[in-house]
Amino acid sequence: MKKIIIASKNPVKIQAVKNGFEKMFPNQEFEFIGVSVPSNVADQPFSNAETFLGAKNRANNASDKIKDAHFYVGIEGGIEQIENEMEAFAWIVVKSASKFGKSKTATFFLPKEVVSLIKEGKELGEADDIVFNRTNSKQENGAVGILTGNIIDRTKYYTEAVILALIPFKNNDLY
């Protein structure tokens with residue numbers, strides 16, 4: 001059984017990693033463990049580069065904390081200003097002893113009212129809770145789920161990117 005360490009205790013992120021590994025490697029058995037580790041970036045990353053670094057740092061910090069796993073997965077959500085709008089996305093980094101896999105989710109643009117609250121210093125999850133009258137939405141369906149009417153919830157949103165980040169591990173001969 002392969003041990004997978006997810007650099008988060010968020011149930012959405014843990015389920016997305018579980019879904020991704022089980023879809024990419026259906027004939028293998030895994031143990032999934034969520035751990036809290038720092039991203040070493042801002043609580044709300046404000047650029048593509050900072051968000052990627054947060055995911056990579058989480059994977060690295062998880063591997064420093066627990067030494068005997070086969071894979072370490074960091075997921076970091078971020079936002080970036082594009083002209084007068086704000087784009088939301090996440091980076092996924094998967095680390096093994098010998099390589100990294102990485103992928104970025106699809107992106108979408110946030111409503112003006114959410115953007116205003118973020119500009120006042122709120123994190124995206126907090127802004128969503130205020131605008132949409134929710135509690136702890138980032139551990140449930142998140143902005144993507146709220147805005148799509150759960151056609152794409154946060155777990156599904158991350159799962160696809162986890163699968164893409166696992167491509168180098170499924171295709172060892174090519175990477």
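First, a word on scope: everything that follows refers to the structure included in this document. (Residues numbered from 1 in each chain as written. Predicted model: local features only at pLDDT ≥ 70, side-chain atom pairs only at ≥ 80, totals over all residues. Heavy atoms only, no water.)

**What to know about the packing of helix 1 (residues 11-24) against helix 6 (residues 154-165)**
Here is the rule we go by: Axis geometry follows a simple rule: fit a line to the C-alpha atoms, using only the stretch in contact for helices, then measure angles between N-to-C directions, giving values from 0 to 180 degrees. For helices the rule is a DSSP run of H or I covering at least 4 residues; for strands it is a run of E covering at least 2, with both sets numbered from the N terminus onward. Roughly parallel means an angle under 35 degrees; roughly antiparallel means over 145; roughly perpendicular covers 65 to 115; every other angle is labelled oblique. Less than a right angle of anticlockwise turn of the near helix away from the far helix marks a crossing as left-handed, whereas a clockwise turn marks it as right-handed. Note on definitions: a residue-residue contact is assigned when non-hydrogen atoms from the two residues lie within 4.5 Å.
The contact between helix 1 and helix 6 brings their axes to 8 Å, and the two run at 45°. Viewed along their axes, helix 1 and helix 6 adopt a mutual orientation that is oblique. Where helix 1 crosses over helix 6, the handedness of that crossing is right-handed. Touching Val-12, Lys-13, Gln-15, Ala-16, Val-17, Asn-19, Gly-20, Lys-23 and Met-24 of helix 1 are Arg-154, Thr-155, Tyr-158, Thr-159, Val-162 and Ile-163, all from helix 6.

**Re the nonpolar core**
Considering soluble globular proteins, one finds that nonpolar side chains tend to be buried as a cluster. Formally: In this description, a nonpolar core means a group of buried Ala, Val, Leu, Ile, Met, Phe, Trp, Tyr and Cys residues linked to one another through side-chain atoms lying within 4.5 Å. Any residue under 20% of the maximum accessible area for its type is buried, any over 50% is exposed, and the rest in between are partly exposed; the area is computed with a 1.4 Å probe on protein chains only.
With 40 residues, the main nonpolar core has Phe-21, Val-94 and Leu-110 as its most contacted residues. Sort the elements by how many residues they give to this core and strand 4 (residues 85-95) lands first, with eight residues. Ignoring anything within four residues of it in the chain, the contact list for Leu-110 reads Ile-79, Met-86, Ala-88, Val-115, Ile-118, Leu-124 and Ala-143. Core analysis: the second largest hydrophobic core is formed by eight residues, Ala-7, Val-35, Ile-66 and Tyr-72 among them.

**A word on the pairing of strand 4**
Put simply, the test is: When DSSP finds two or more bridges between two strands, those strands count as paired.
For strand 4, a buried count of ten out of eleven residues is recorded, marking the element as mostly surrounded by other parts of the structure. With eleven bridges connecting them, strand 3 (residues 71-82) and strand 4 associate as antiparallel partners. Bridging from a neighbouring strand, Val-73 pairs with Val-94 of strand 4. The antiparallel hairpin formed by strand 3 and strand 4 contains two residues in its connecting segment, where Glu-83 sits at a positive phi of about 55°.

**Focus: the environment of Gly-77**
Positionally, Gly-77 belongs in strand 3. On a C-alpha basis, the gap between Gly-77 and Gly-34 in space is 17 Å, while along the polypeptide they are 43 residues apart. Apart from residues lying up to four places away in sequence, Gly-77 is in contact with Gln-44, Pro-45, Thr-51, Phe-89 and Ala-90.

**Topic: unusual backbone geometry**
Of note, Asn-40 is a non-glycine position whose phi angle comes to about 60°, a positive value. Its place among the elements puts Asn-40 in the loop between strand 2 (30-34) and helix 2 (48-65). You will see that Asn-133, though not glycine, has its phi angle at about 55°, which is positive. If you trace the backbone, Asn-133 turns up in the loop between helix 4 (124-131) and helix 5 (142-148). Classification of Asn-133 as exposed rests on a relative accessible area of 73%.

**Some remarks on the environment of Ser-137**
If you trace the backbone, Ser-137 turns up in the loop between helix 4 and helix 5. Of the residues examined, Ser-137 reaches a relative accessible area of 1% and is grouped as buried. With residues near it in sequence (within four places) discarded, Ser-137 still touches Gly-125, Asp-128, Asp-129, Gly-142 and Ile-146.

**A word on helix 2**
For an α-helix, the turn length of 3.6 residues means that residues three or four places apart are oriented alike. Note the cut-off: By definition here, a helix of n residues has an expected span of 1.5 Å times n minus one.
End to end, helix 2 covers 26 Å across 18 residues, agreeing with the expected 26 Å (1.5 Å per residue, within 8%). Every buried residue of helix 2 is accounted for by Thr-51, Gly-54, Ala-55, Asn-57, Arg-58, Ala-59, Asn-61, Ala-62 and Ser-63. Where helix 2 is buried, its residues contact strand 1 (2-6), strand 3 and strand 4.

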